[in-house]
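A look at the structure
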Amino acid sequence: MPENVLLRLRDVKKVFGGLTAVDGITFDVNQGEIYSVIGPNGAGKTTVFNLITGIYKPDGGEMLFEGQSISGLSPDRVLRRGITRTFQNIRLFNNMTVLENVLVGQHSKIPGNLPSVLLHLPNYQRAERRAEERAVELLSFFGPSLVARKDDYAANLSYAERRRVEIARALGSEPKLLLLDEPTAGMNDAETGEAINYIQRLRSEFGLTILLIEHKLQVTMGISDRIAVLDYGRKIAEGVPAEIQRNEQVIEAYLGRKAAVE
Amino acid sequence: MSATNIRAQLSDSISAVLSNKIAGRELRWYLSGWRLGIILLVVCIILPFVLDGIDPSLVTTSIAIGTYIILALGLNIVVGYAGLLDLGYVAFFVIGSYTVAVGTYGFLQNAQGKSIPIPSFSGQLFWLLIPLAALLACLFGILLGAPTLRLRGDYLAIVTLGFGEIVPIVFQNVPWFFGQFGMSASPPPDVGPITFSDPLNQYPFYYLTLALVVLVILGVTSLRGSSIGRAWIAIREDETAASVAGVNLVRTKLMAFGLGALVGGIGGALNAAFVSSIAPSDFNFNISITILIMIVLGGLGSIPGVIVGAIVLRFVDVYLLGKINDAVHGLPLVSGSGAPLHFLNNVDFNTAKFLIYGLILMFMILLRPQGLIPDVRRKRELQGIGASAEGASAVGLLEREEAGEDEAGGETTTVGAGSDAQGRED
């Protein structure tokens, strides 16, 4: 099992002023796994994502990806290692077309040296053409409807379509690990069902390992191999879905919080 | 006949003209993309002969306009594409100008005020000074950018503003450059029968300017549609998302800054060779602002817009104001000593430049904030399409807000902003 570990977090900490948002979290994500992180609001889930992807710098602990430290790397360097993500509040480039959005996702695949780009040298042109073909391929993963809209501005798409474009953009860098932050937030049951379907297909067709933040039990219990539960920045439980559903501490964290609100 | 009728007729006749076929193609086909570019280039090549017939000083005016088209296109990379507000762009203009002056003057001054000879770029070596000016400006652009690009918005604007003020002052106070008296620069050397030093024949200079303008247009057009152009726009739209998508923020922003500066250096070199005498006081904050107004007037991020903006403002400044001044002072109501509007004789309309710029800017922002020839994306941003296109505008706004706070937390370890962001997420 251990040589199977793709992402390893050891005692990772993040403090904002007086608030310890992430208080020593440890977990391993194995190659090819769908690993979910759940927990009440404010438990620190998105902060963990921001730490892994380099948006925040950790205040302690270590993060290893394929055995090498990714602590303190900038987001684009984390991406080059093979990790990318989507955001809870979809962050597309609204005034760019769908195709351009997915092309930005492949930025790391296109030669960036100025002479090639400025003079449109053959190697740049080839890369650009390949990137465009690849973008259409990635969009067609979600069916033909998105391909048909590739020249529309991202802002004009429906909510569910925007989610998909964001995933297509993330896939452009050919990641090994994909972090999805609440990919079904704001979706109805039918759309959630589709999302579950394509998350599973992401693993089978792209060979991805997926780290997932999700609130809907329908999703986490249905597709996760393992689940970690966070509360107040700590991991309070970890296990396969059936174990988590029976775990006393988890029930307390959820119900206790609920009772306190009432 | 009513106004609507006239308008309908007019649009009918325009579309009739456009659908006229020339060699089997509609006229519209000829007026798009690179074909339009070639047509405009031909027009520009013929233009000086026409202008010379109308008023010979218009040729000189066009050269002055050309310099500013170059500057405006350069600043447009920084402000229009990458969305980094640079209020000190004049710095690169200065560096470009002084490169040519130092390169051709043959002397520097030591601390005791004595002129000391230095090797100069005489003869055809002059042409090396244009790329050298561009490279030096680019270098300083990167030197300025490296420590400051972590700043955002207002802070970056203030730092660049300071840089724009400091550079001319350095040239004034460092002993080598003859202080406030400035330096003179030689015009380009004769190339065969073509001579640049004849004040009565400005055609060679006109075509040199045109060549540089075309070169810069080709460069920025190529960049705009490239992966680098895409990365700039992505950064402007959402820095964090761009970074997570693999865009190296520092490198990409530095590239915008460096290339913008490089183009500014070319403009400076051309300027020095043309005006032939430069002094630190020629370069001030007003120039930075004027160039910025040009690109806002024309349409941020839009190459044709920026060119039109530069033409309009520079034409008003170099040509029109002087003509208005002469015309008003020559009116019978104004001229004689007992004339009723004699006080107008004391008004110098040339100094009203910034009043006019201000008015233009005010009306533009009220009536056409996207600029004369807007960039498609900018137009959308201004109309707020991006923010609320999902029909649920409240959701859109909330997203924006959260995104903003996320960024504040993500950028540095600013404690307050960070904890704020933390409070919202999850």
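Definitions and limits used
- Per-chain numbering applies: the sequence of each chain, read as written, is numbered from 1 onward.
- The naming scheme follows written order: chains are lettered A onward, ligands numbered 1 onward.
- At least 70 in pLDDT is required for a residue's local features to be given in this predicted model, at least 80 for side-chain atom pairs to be given and counted, and no such filter applies to totals for whole chains, interfaces and linings, which use all residues.
- The basis for every side-chain value is the complete set of heavy atoms in the structure, and neither hydrogens nor water enter the calculation.
- Here a strand is any run of E in DSSP of at least two residues, a helix any run of H or I of at least four, and the numbering for each starts at the N terminus.
- Each residue is placed in one exposure class: buried if its accessible area under a 1.4 Å probe, protein chains only, is under 20% of its type's maximum, exposed if it is over 50%, and partly exposed if it falls in between.
- For our purposes a nonpolar core is just a set of buried Ala, Val, Leu, Ile, Met, Phe, Trp, Tyr and Cys residues, chained together by side-chain atoms within 4.5 Å.
- Here, two residues are considered to be in contact whenever any of their heavy atoms come within 4.5 Å of each other.
- Here the quantity called buried area is the accessible surface, traced with a 1.4 Å probe, that two parts lose on coming together, added over both.
- Salt bridge, as used here: a side-chain nitrogen of Lys or Arg that lies within 4 Å of a carboxyl oxygen of Asp or Glu.
- Amino acids are sorted into nonpolar (Ala, Val, Leu, Ile, Met, Phe, Trp, Tyr, Cys and Pro), charged (Asp, Glu, Lys and Arg) and polar (every other residue, Gly among them).
- For two strands to be treated as a pair, DSSP must find at least two bridges joining them.
- These domain limits were set by an automatic method or by a database of domain assignments.
- Polar contacts here mean pairs of N or O atoms no more than 3.5 Å apart (in protein, one a potential hydrogen donor and the other a potential acceptor; neighbouring residues in sequence count only if both atoms are side-chain atoms).
- Here a Phe, Tyr or Trp ring, Trp counted by its six-membered ring, pairs with any other such ring whose centre lies within 6.5 Å, and the pair is stacked when the planes are under 30 degrees apart, edge-to-face when over 60, and tilted otherwise.
- Only when the NZ atom of a Lys or the CZ atom of an Arg is both within 6 Å of the ring centre and within 35 degrees of the ring normal do we say a charge sits over the ring.
- To get an axis, a line is fitted to the C-alpha atoms, and for a helix only the part in contact is used. The angle between two axes follows their N-to-C directions and goes from 0 to 180 degrees.
- Throughout, the term roughly parallel applies to angles under 35 degrees, roughly antiparallel to angles over 145, roughly perpendicular to angles from 65 to 115, and oblique to all others.
- Each patch is built from salt-bridge-free residues with over 30% relative accessible area, joining like charges within 9 Å and nonpolar side chains (Val, Leu, Ile, Met, Phe, Trp, Tyr) within 5 Å.
- Working definition of accessibility: Shrake-Rupley area with a 1.4 Å probe, residue cover restricted to the visible protein chains.

1. Concerning unusual backbone geometry
Residue and element names in this part refer to chain A.
- Residues other than glycine seldom take positive phi values, yet Glu66 does so here, at roughly 50°.
- Looking at where Glu66 falls in the secondary structure, it is placed in the loop between β4 (60–65) and β5 (68–69).
- Owing to a relative accessible area of 40%, Glu66 belongs among the partly exposed residues under this scheme.
- For Glu182, which is not glycine, the phi dihedral falls at a positive 50°.
- Locating Glu182 in the fold gives a position in the loop between β7 (177–181) and α8 (189–206).

2. Things to note about the nonpolar core
- Ranked by internal contacts, the top residues of the largest apolar core, which has 131 residues, are A:Ile210 and B:Trp232.
- Looking at this core, the element that brings in the most residues is helix α4 (residues 57–81) of chain B, giving 15 residues.
- Residues contacting B:Trp232, with those up to four places away along its chain left out, are B:Ile77, B:Tyr81, B:Ala82, B:Leu223, B:Thr252, B:Met255, B:Ala256 and B:Leu259.
- A:Phe49, A:Val78, A:Phe87 and A:Ile213 belong to the second-largest nonpolar core, a separate cluster that totals 45 residues.

3. Looking at the interface of chain A and chain B
- Taken together, the 51 residues of chain A in the interface contact 50 residues of chain B.
- Between chain A and chain B, a total of about 4300 Å² is buried, with carbon and sulfur atoms accounting for 53% of that surface.
- Counting the surface chain A buries against chain B, the share from its top three residues, A:Arg91, A:Asn95 and A:His107, is 17%.
- Applying the counting criterion to the chain A and chain B interface returns two salt bridges.
- For B:Asp238, the salt bridge goes to A:Arg91, with nearest N and O atoms at 2.8 Å.
- In terms of residue class, the side of chain A that touches chain B is made up of 23 nonpolar, 18 polar and ten charged.

4. Thoughts on the pairing of strand β10 (residues 234–239) of chain A
Residue and element names in this part refer to chain A.
- Pairing analysis gives five bridges linking strand β9 (residues 226–231) to β10, with the strands arranged antiparallel. Bridge assignment links Leu230 to a residue of β10, and that residue is Lys235.
- Hairpin connection of β9 to β10: two residues between the antiparallel strands, including Tyr232 at a positive phi of 45°.

5. Section: the domain arrangement of chain A
Residues and elements named next belong to chain A.
- As assigned here, chain A comprises domain 1 (1–82 + 175–262) and domain 2 (92–173).
- Measuring from the centre of the C-alpha atoms in domain 1 to the corresponding centre in domain 2 gives 27 Å.
- It is Pro175, Tyr198 and Phe206 in domain 1 that bury the most area against domain 2; as a group they hold 35% of the surface buried on that side.
- Inspection of the domain 1/domain 2 interface yields one salt bridge.
- Between domain 1 and domain 2 we count five residue pairs in polar contact (both at pLDDT 80 or more) in total.
- Put simply, the parts of the chain that give the side of domain 1 that touches domain 2 at least two residues each are α2 (75–81), β7 and α8.
- Sort the elements by how many residues they give to the side of domain 1 that touches domain 2 and α8 lands first, with seven residues.
- By residue class, the composition of the side of domain 1 that touches domain 2 is eleven nonpolar, one polar and seven charged.

6. A short note on the pairing of strand β3 (residues 34–38) of chain A
Residues and elements named next belong to chain A.
- Of all five residues in β3, five are buried, a share of seventy percent or more.
- Residue alternation in β3 divides its side chains into two sets, Ile34, Ser36 and Ile38 and Tyr35 and Val37, and both sets are buried.
- Sheet analysis places β3 next to strand β8 (residues 209–213), joined by four bridges and oriented parallel. Residue pairing for β8: Val37 is matched across the bridge by Ile213.

7. Here we look at the packing of aromatic side chains
- In the structure shown here, the tally under the stated rule is 24 aromatic pairs over all chains.
- When the centroid spacing of 5.9 Å and the interplanar angle of 70° are considered together, the rings of B:Tyr89 and B:Phe92 count as edge-to-face.
- Put simply, the rings of B:Phe126, B:Trp127, B:Phe196, B:Phe205 and B:Phe274 pair up and form one aromatic cluster.
- Above the plane of the ring of A:Phe93 lies A:Arg169, whose end atom (NZ or CZ) is 4.7 Å from the centre.
- A cation sits over an aromatic face here: A:Arg201 above A:Phe141, 4.1 Å from the ring centre.

8. Things to note about helix α1 (residues 45–52) of chain A
- Along α1(A), eight of the eight residues are buried, which leaves the element largely enclosed by surrounding structure.
- With its phi angle positive at about 85°, A:Gly54 sits one or two positions after the end of α1(A).

9. Describing the pattern of salt bridges
All names here are of chain A.
- Counted under the stated rule, the structure contains 26 salt bridges over all chains.
- Among the ionic pairs, Glu137 bridges to Arg134, the shortest N-O distance being 3.1 Å. Here the residue Glu137 and the residue Arg134 both occupy positions in helix α5 (residues 122–140), the gap between them amounting to three residues, near one helical turn.
- Residue classification places Glu137 among the partly exposed positions, given a relative accessible area of 49%.

10. Side note on the sheet that holds strand β1 (residues 5–16) of chain A
Residues and elements named next belong to chain A.
- Ordered in space as β2-β1-β4-β5, the four strands form an open sheet in which the pairing is antiparallel. Each having just a single partner strand, β2 (19–30) and β5 make up the two edges of the open sheet.
- The pairing of β1 with β2 spans nine bridges and is antiparallel. Bridged to Lys14 within β2 is Val22.
- Strands β1, β2 and β4 of the sheet are contacted by α1, whose axis makes an angle of about 115° with β1.

11. Some words on the packing of helix α9 (residues 227–237) of chain B against helix α11 (residues 249–275) of chain B
Residues and elements named next belong to chain B.
- Between α9 and α11, the shortest axis-to-axis distance is 10 Å and the interhelical angle comes to 110°. In terms of axis orientation, α9 runs roughly perpendicular to α11. Within the contact between the two elements, α9 uses Ile228, Ala231, Trp232 and Ile235 and α11 uses Leu249, Thr252, Lys253, Met255, Ala256 and Leu259.
- Looking at the contact of α9 with α11 residue by residue, the classes come out as eight nonpolar, one polar and one charged.

12. Points about a nonpolar patch on the surface
All names here are of chain B.
- A cluster of nonpolar residues, Trp34, Ile38, Leu41, Val42, Ile45, Ile46, Phe49, Val50 and Ile54, forms a patch on the protein surface that exposes about 890 Å² of accessible area.
- Its location among the elements puts Val50 in helix α3 (residues 33–54).
- When its relative accessible area of 45% is taken as the criterion, Val50 is described as partly exposed.

13. Remarks on the side chain of B:Asp55
Residues and elements named next belong to chain B.
- Tracing the backbone shows Asp55 in the loop between α3 and α4.
- Looking at Asp55, its side chain comes within polar contact range of the side chain of Lys323, at 3.4 Å.
- Excluding residues within four positions of it along the chain, Asp55 makes contact with Tyr319 and Lys323.

14. Describing the environment of A:Phe27
Residues and elements named next belong to chain A.
- With respect to the secondary-structure elements, Phe27 resides in strand β2.
- Judged by relative accessible area, Phe27 falls into the buried class, the value being 2%.
- Look past the residues within four positions of Phe27 in its chain and what remains in contact with it is Leu7, Arg8, Leu9, Arg10, Tyr35, Val37, Val48, Leu211, Lys235 and Glu238.

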